[in-house]
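So you can see what is in the structure, the chains are spelled out below.
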Amino acid sequence: MKKIITSLIVIFLLSFKYSDVDKTNSNNSPISPETEECIMCHSTLHPGIIKDWENSRHSKISTFNANKKSDLEKRVSSIPSDSILSKVVVGCYECHSLNTDNHADSFEHNGYIINVVVSPNDCSVCHNEENEQYSKNIMSHAYANLMENKVYLDFKASITSDIKFEDGSFHFNDNNDLTDADACLHCHGTILKVTGKETRESDFGEFEFPIIEGWPNQGVGRINPDGSKGACTSCHPRHDFSIETARKPYTCSQCHKGPDVPAYKVYISSKHGNIYNSDKEKYNFSNVPWVIGNDFVAPTCASCHSSLLTDTEGNVVAERTHQFNDRLSSRLFGVPYAHPHPISPETHLITNSSGMQLAADLDGTPASEFLINEKEQVERDNEMKQICNKCHSSSWTDNHFIRLNDVIKSSNAYTITATELMLKIWEKGYADNSNLFDENIERQWTDLWLFHSNSVRLSAAMGGGGDYGVFANGRYQLTNKLFYLKEWLENKDNMKGKKKK
Ligand code: HEC
Ligand code: HEC
Ligand code: HEC
Ligand code: HEC
Ligand code: HEC
Ligand code: HEC
Ligand code: HEC
Ligand code: HEC
């Protein structure tokens, strides 16, 4: 009976043609009848979703028509092989019905098989290039890079465990998926697992839906129900999927803000960030290609790390990349040392000479066979410098990178000194090295490289120095920790000496 009522409602609603969107559609690209059905119910259920989609480019143009634009202006990189799919605007059905055979989350919904999650692999039907490149971005591997690295799991356990105090010591139990989803995996990405089905009541009758564990999540390395990695929505939130959002720095700030990874804080207090804040109303954030000088006068995160940029004469300054690492010569984020960029984005496959999954030995020697060579480093720096040189003279740019390289060396040197002290502490049995992160003194050492060395380096890379290099979690706090480690070791040695007497 409920099914019949539902069908009647749909037929009733369908008798009113959905016309709002047609008016804004100047490209003569029709909405598919399937999508019109979705809109009938979902415009009452989820007006937020429908309006958002209406404002998007997807609601206004078919892939076929979008593909007629010149190469530099195109916003699609592939055409669906199904000709009907390519000739209608990209509506609810066009995205939610792709590759259903590969999706553990596919389900029958009003006579159509659809997926709840639209994955990078689904987007690749029309955006193949972006998907291919993103699969080489370190971000798309963020789940395994964390969860399949034994050293990092020890680190995680010291932070996210349920901790019990028994027999004078702590017992860690790091086995809570809900905590993980709320903590590390919020950014790194969860695993989406279909665990069964549930029935929900609604104004339109009863419906059956898959139950998805690990959802919601928009982490950059999310493992999807079709096995693909990442969530394009981490930078292009649904349902307007705009280039504008991705080009603005707030988008990146969701994950790049903490004291361990302060890229956003460094940027927003840099000269570039100041100019952006003061002039952003005058910028054009949706133009493709993005023209340096006409569309913006100081760069955002996207300009330096991702965007297709041209000069005012239409010459390409940088190709668009969803890989990001093709403009990065070093991995500044050091656990515990900065090093030349890894060859593979799967950092969990790297091992140092003592078999730990780290890109350097504890004495600072890099695991070179896993890292790019100097020639490649110079090439990547040149990619980045070409962008700087459209607004700066080459001497300004070159001097900036000379300082950055010096900061990489000096911040690593501080970390080596601190780690030498820590190695003595472990050697003498003053701390237990079975987990390197779960005692107070080990945390003092961790703060030094995780917060302070990383902060100093990011500040040099993206602010040309400044507060985050010195007093705001920078060198001042770094040297505090160094003095503390030395005195702590001396005190322990003294106490041991006294006991012997
Ligand atoms: C007869 C009404 C109706 C039609 C037609 C309809 N839906 Fe739904 N849909 C619903 C209801 C009701 C829900 C549940 C909403 C909730 O739980 O808040 C839902 C939920 C969903 C969800 C979320 C699933 C989840 O696990 O929460 C997606 C995705 C979805 N619909 C997509 C579509 C697509 C795509 C179409 C068109 C092919 C469509 N719907 C057509 C009524 C409809
Ligand atoms: C880490 C952030 C991030 C993620 C994740 C991301 N993008 Fe992007 N995307 C961007 C940025 C930044 C731009 C702007 C590039 C430019 O200015 O040229 C962009 C632009 C685009 C464009 C517009 C291209 C054009 O030709 O105008 C498309 C399409 C796109 N992304 C698709 C995707 C798809 C598909 C995925 C998932 C596989 C994805 N993006 C994941 C940041 C991201
Ligand atoms: C360009 C592809 C695309 C189009 C077009 C699209 N969706 Fe989605 N939809 C997505 C993605 C991606 C998600 C997020 C799923 C995730 O990654 O968790 C999503 C999520 C949803 C959800 C669950 C969201 C939540 O917060 O609970 C619903 C419901 C939904 N879509 C309905 C619709 C409807 C209705 C339309 C048509 C107006 C539509 N979608 C059009 C890609 C699309
Ligand atoms: C069936 C083809 C198709 C699918 C599937 C599809 N898109 Fe698109 N996408 C388009 C078209 C068409 C445009 C608009 C091109 C234009 O305006 O020239 C577009 C534009 C975009 C843009 C640029 C928007 C802007 O403001 O410039 C982004 C970002 C984007 N899509 C992301 C996604 C993501 C993420 C997914 C998957 C969740 C997805 N698309 C799925 C066809 C598709
Ligand atoms: C949802 C969280 C999230 C968002 C949003 C996000 N990132 Fe990331 N990003 C990460 C994580 C997590 C990593 C580290 C992955 C790893 O090491 O496995 C990362 C790594 C990076 C790296 C290092 C790449 C490398 O190869 O060394 C760069 C650069 C970067 N992100 C830039 C950006 C920019 C620019 C934006 C905005 C356009 C952005 N990110 C948005 C989570 C995010
Ligand atoms: C707010 C978002 C966010 C959260 C939450 C988060 N991270 Fe990260 N993580 C990042 C970003 C961003 C990077 C990359 C920084 C860079 O390259 O500058 C990263 C990188 C890492 C790396 C280096 C990975 C590699 O490829 O070598 C480790 C290890 C790490 N995070 C551990 C953790 C642990 C453990 C937790 C939880 C206790 C956690 N993260 C929580 C954003 C986050
Ligand atoms: C003026 C250009 C520019 C801007 C703007 C910019 N970056 Fe960077 N970024 C760089 C340079 C240069 C490096 C260091 C490159 C190297 O040594 O490999 C870097 C490094 C990074 C890293 C470190 C990756 C690693 O090795 O661990 C992250 C993460 C990052 N940027 C994110 C962002 C975010 C997020 C924003 C915006 C809030 C941003 N960047 C703005 C130029 C820029
Ligand atoms: C779109 C133009 C543009 C691009 C691209 C750009 N910058 Fe800038 N940058 C500026 C402007 C404008 C200023 C402000 C200069 C002033 O106030 O004299 C500035 C300021 C700076 C400063 C601040 C100096 C200070 O003392 O505060 C540094 C450092 C810098 N840029 C480095 C770079 C580097 C390195 C790159 C490339 C990775 C780069 N810029 C890319 C426009 C740009």
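Residues numbered from 1 in each chain as written. Chains lettered and ligands numbered in written order. Predicted model: local features only at pLDDT ≥ 70, side-chain atom pairs only at ≥ 80, totals over all residues. Heavy atoms only, no water.

A closer look at helix α4 (residues 47-54)
Every buried residue of α4 is accounted for by Ile 50, Trp 53 and Glu 54. Taken around the axis of α4, the buried residues stretch over an arc of 100°, which confines them to a single face. (Buried < 20%, exposed > 50% of the residue type's maximum accessible area, 1.4 Å probe, protein only. Helix = DSSP H or I, 4+ residues; strand = E, 2+ residues; numbered from the N terminus. Arc of directions from axis to C-beta.)

Describing the packing of helix α20 (residues 394-427) against helix α21 (residues 440-463)
Packing of α20 against α21 brings their axes to within 9 Å, and their N-to-C directions diverge by 175°. When the interaxial angle is binned, α20 and α21 end up roughly antiparallel. The class makeup of the residues in the contact of α20 with α21 is 15 nonpolar, six polar and two charged. (Axes fitted to C-alpha atoms, helices over the stretch in contact; angles between N-to-C directions. Parallel < 35°, antiparallel > 145°, perpendicular 65-115°, else oblique. Nonpolar A, V, L, I, M, F, W, Y, C, P; charged D, E, K, R; others polar.)

Here's the deal with the site of ligand 6
Within the structure, ligand 6 sits among 17 residues, and Tyr 152, Cys 184, Cys 187, His 188 and Thr 347 are positioned closest to it. Counting only elements with at least two residues in the shell around ligand 6, the list comes to α10 (142-147), α11 (150-160) and α13 (184-188). Ranked by the residues each element gives to the shell around ligand 6, the list is headed by α11, at four residues. Two domains share the shell around ligand 6, each providing at least three of its residues, namely domain 2 (122-237) and domain 3 (238-500). (Near = heavy atom within 4 Å. Domains from an automatic or database assignment.)

Quick look at the sheet that holds strand β8 (residues 309-310)
Pairing in this open sheet of three strands is mixed, and the strands run β7-β8-β9 from one edge to the other. Two strands close off the open sheet at either side, each with one partner strand: β7 (290-291) and β9 (316-318). As paired elements, β8 and β9 share two bridges and run antiparallel to each other. Bridge pairing in β9 places Thr 310 opposite Val 316. (Pairing = 2+ DSSP bridges.)

Observations concerning the nonpolar core
In summary, soluble globular proteins display a tendency toward joint burial of nonpolar side chains. One finds Met 422, Ile 425, Ile 441, Trp 445, Trp 449 and Leu 485 to be the most contacted residues of the largest nonpolar core, which totals 28 residues. Counting only elements with at least two residues in this core, the list comes to α10, α11, α20, α21 and α22 (475-500). Taken domain by domain, this core gets at least three of its residues from each of domain 2 (122-237) and domain 3 (238-500). Setting aside chain neighbours within four positions, we find Ile 425 in contact with Tyr 430, Ala 431, Ile 441, Leu 485, Trp 488 and Leu 489. (Core = buried A, V, L, I, M, F, W, Y, C linked by side-chain atoms within 4.5 Å. Contact = heavy atoms within 4.5 Å.)

Concerning the site of ligand 4
Taken together, 22 residues form the shell around ligand 4, and within it His 58, Lys 69, Cys 123, Cys 126 and His 127 come nearest. Arg 75 has a polar side-chain atom sitting 2.7 Å from an oxygen atom of ligand 4. Its residues assigned to classes, the shell around ligand 4 shows 12 nonpolar, six polar and four charged. (Polar contact = N/O pair within 3.5 Å; in protein donor to acceptor, adjacent residues only side chain to side chain.)

A few points about the domain arrangement of the chain
Many descriptions give the size of an interface as the accessible area lost when the pieces come together. As far as domains go, the chain holds domain 1 (2-96), domain 2 (122-237) and domain 3 (238-500). Domain 1 puts 16 residues into the contact, and the matching count from domain 2 is 13 residues. Both faces combined, the contact of domain 1 with domain 2 buries some 1100 Å², and carbon together with sulfur accounts for 59% of it. One can count 10 residue pairs in polar contact (both at pLDDT 80 or more) joining domain 1 with domain 2. Looking at the side of domain 1 that touches domain 2, the elements that each hand over two or more residues are α1 (2-14) and α3 (33-45). It is α1 that provides the largest number of residues to the side of domain 1 that touches domain 2, a total of four residues. (Buried area = accessible area lost by both parts, 1.4 Å probe.)

Things to note about the environment of Asp 174
Take Asp 174: it is sitting in the loop between β4 (169-173) and α12 (177-182). Looking at Asp 174, the relative accessible area reads 22%, which means it is partly exposed. C-alpha of Asp 174 to C-alpha of Leu 358: the two residues are 184 residues apart in sequence and 21 Å apart in space. Ignoring sequence-local partners within four residues, the contact set of Asp 174 consists of Leu 153, Lys 156, Ala 157, Thr 160, Ser 161 and Asp 180.

Digging into the coordination of the iron atom of ligand 2
Bound to the iron atom of ligand 2 on the protein side are His 236 (NE2) and His 322 (NE2), at distances that span 2.0 Å. Considering all six donor atoms around the iron atom of ligand 2, angles at the metal cover 88 to 179° and the coordination shape is octahedral. Linking His 236 in the loop between β6 (205-213) and α14 (243-247) with His 322 in the loop between β9 and β10 (330-331), this pair joins segments that are 86 residues apart in sequence. (Donors = N, O, S within 2.8 Å, 3.2 Å for Na, K, Ca; no water. Tetrahedral: all angles 85-135°; square planar, octahedral: opposite > 155°, others 65-115°.)

Side note on the packing of α20 against α22
Orientation of α20 relative to α22, taken along the N-to-C sense of each, is 20°, at an axis distance of 9 Å. Considered as vectors, α20 and α22 are oriented roughly parallel to each other. For α20 against α22, the interelement crossing comes out left-handed. Across the interface between the two elements, Val 407, Tyr 414, Thr 417, Ala 418, Leu 421, Met 422, Lys 424 and Ile 425 from α20 touch Arg 475, Leu 478, Thr 479, Leu 482, Leu 485, Lys 486, Trp 488 and Leu 489 from α22. In terms of residue class, the contact of α20 with α22 is made up of 11 nonpolar, two polar and three charged. (Left-handed = near helix turned anticlockwise from the far one by under 90°.)

A short note on the pairing of strand β1 (residues 106-109)
Side chains Phe 107 and His 109 project from β1 onto a buried face, and the interleaved Ser 106 and Glu 108 project onto a face without burial. For β1 and strand β2 (residues 112-115), the ladder comprises four bridges, and the chain directions are antiparallel. By the bridge assignment, Phe 107 is partnered in β2 with Ile 114. What sits between β1 and β2 in their antiparallel hairpin is a turn of two residues, with Asn 110 showing a positive phi close to 55°.

Looking at α3
Taking 1.5 Å per residue, 13 residues should reach 18 Å; α3 reaches 19 Å between its end C-alpha atoms and fits that length. At Ile 39, α3 shows its maximal kink, close to 30°. Listed as buried for α3 are Thr 35, Glu 36, Cys 38, Ile 39, Met 40 and Cys 41. (Expected span 1.5 Å × (residues − 1). Bend = angle between axes of the 7 residues up to and from the residue.)

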